[in-house]
Amino acid sequence: MFKGKTEEQARKQILLQVREYCNKYHKKKQYETGDKISYAGRIYDAEEMVNLVDSSLEFWLTSGRYTEQFERGLAKYLQVKYCSAVNSGSSANLLAFMALTSPLLGERRILPGDEVITVAAGFPTTVTPMLQYGAVPVFVDITIPQYNIDTNRLEEAFSEKTKAVMIAHTLGNPFDLCRIKKFCDTHNLWLVEDNCDALGSRYCINGEWKYTGTIGDIGTSSFYPPHHITMGEGGAVYTNQPLLHKIIRSMRDWGRDCICASGRDNQCGHRFGRQFGELPFGYDHKYVYSHFGYNLKVTDMQAAVGCAQLDKLPDFVKARKENFKYLRTQMKEMTDTFILPEACEESDPSWFGFMITCQAGMDKNKIVQYLEKHGVQTRMLFAGNLTKQPCFDVMRKKGTGYRIVGDLKNTDRIMKDSFWIGVYPGMTKEMLDYMVKMFKNAIKQEI
């Protein structure tokens, strides 16, 4: 097959055949009425598959040239200085939080027992790193229909132990960044934006439009298949601050002090010429550890897929906005039955989902079961009220490990009365119309 060909010629032949294979065997199935409508899904074409195979032919496997290309591309899109690719969005949140525990941050370093303001209505891995480290999450209620933190409770949540605010932009809807940033600046707090559900969302602050995830100190993204772009598994951590970037890279790469990428040596020119702590003089800098770290790197094959996805991101964001707008317009007549989602003021959301809260007298479970039975996939707002999940049993019984500000009335309500459906780019007008029709039928059944 490759007789007489150079490696470059052989590679071109393989990639051409991969493109042909994808175009023939991975064509998207045409939607037919009654087909299951997923809340999310992968949108890809031959570019992703060609990149994936191209990377595999190099057999580098760990982070490499595609990873560097992806990090540069995402940083350019977000207009942020530094970006570090990681193996999942959960790892991104772990890394973002743990970076704030670094001794390099001096008095601003988060220590065990320090408090972090957050919400219970969200995904567990926004909060898990705090609990694992020994910090204390302080849970604040949310508002409906924005489903983000109630900023009127921020001062009440603050204490002399507060060091940071770490919250997510719910389903792509930015939280009130103007008010929260001002609160953090006033009290000298870190702000971590969990941007995993909001890639491409924008917020106008001080008269300037910026991407969410870039306004706080650190932002995070997830590239799990349902998200705005996908690598299968993958994530990213980004910041504009050089010191935080240095800490993030160290903790991502085993905690080492060395800045050399995998497979590269002695970028600093002093690999064997320094004194570190009580190590012997000249100890190999590649094996000096300034933090307790992890190995959270992404593989180059994942990053190769991500590079192709990045090119499609603007169109993905546009489609999500259009699908959300269409659904909201079509469901406007149902406001007696459902509370429909609303964007935060001064924001331009890249919606991850369409959140719905049942009005009094409507049984969410019956509505959801009707939709699911008729092919419309639904999802809860993740943990509902995280403090009522089984993983909190021991802490709840002891009454330690976290703090709740006031009550979590709206958090409990969304756990009982709310759910969401998808707006991902793969949805067609026929699919959206079918979903609206099923909502109308579900209401008739209930009433």
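An account of the accompanying structure is given in this report. (Residues numbered from 1 in each chain as written. Predicted model: local features only at pLDDT ≥ 70, side-chain atom pairs only at ≥ 80, totals over all residues. Heavy atoms only, no water.)

1. Section: the overall build of the protein
Then step 1. Counting its secondary structure elements, the protein contains 13 helices and 14 strands.
Then step 2. What you see for the protein is a C-alpha radius of gyration of 24 Å, in line with the 22 Å of a compact globule of 447 residues.
Then step 3. Referenced to the eigenvectors of the C-alpha coordinate spread, the extents of the protein come out at roughly 75 × 70 × 45 Å.
Then step 4. Relative to its full complement of 447 residues, the protein shows a buried share of 54%.
Then step 5. Within the protein, counting contacts between residues at least 6 apart in sequence, those at least 24 apart form 73% of the total. (Helix = DSSP H or I, 4+ residues; strand = E, 2+ residues; numbered from the N terminus. Rg over C-alpha atoms; globule rule 2.2 N^0.38 Å. Buried < 20%, exposed > 50% of the residue type's maximum accessible area, 1.4 Å probe, protein only. Contact = heavy atoms within 4.5 Å.)

2. Some remarks on the pattern of salt bridges
Side chains that carry opposite charge are capable of pairing whenever their charged atoms lie near each other.
Then step 1. Under the criterion given, the structure shown has 28 salt bridges.
Then step 2. Residue Glu8 is joined to Lys12 by a salt bridge in which the shortest nitrogen-to-oxygen separation is 3.7 Å. Here the residue Glu8 and the residue Lys12 both occupy positions in helix H1 (residues 7-25), the gap between them amounting to four residues, near one helical turn. Of the two residues examined, Glu8 and Lys12, each falls in the exposed class.
Then step 3. Notably, a salt bridge pairs Asp284 with Arg271, separated by 2.8 Å at the nearest N-O pair. Of this pair, Asp284 sits in the loop between helix H8 (242-252) and helix H9 (300-330) while Arg271 sits in the loop between H8 and H9, and the two are 13 residues apart along the sequence. Like Asp284, the residue Arg271 is buried in the burial classification.
Then step 4. Among the charged side chains, a salt-bridge network with shared partners connects Arg11, Asp54, Glu58 and Arg65. (Salt bridge = Lys/Arg side-chain N within 4 Å of Asp/Glu carboxyl O.)

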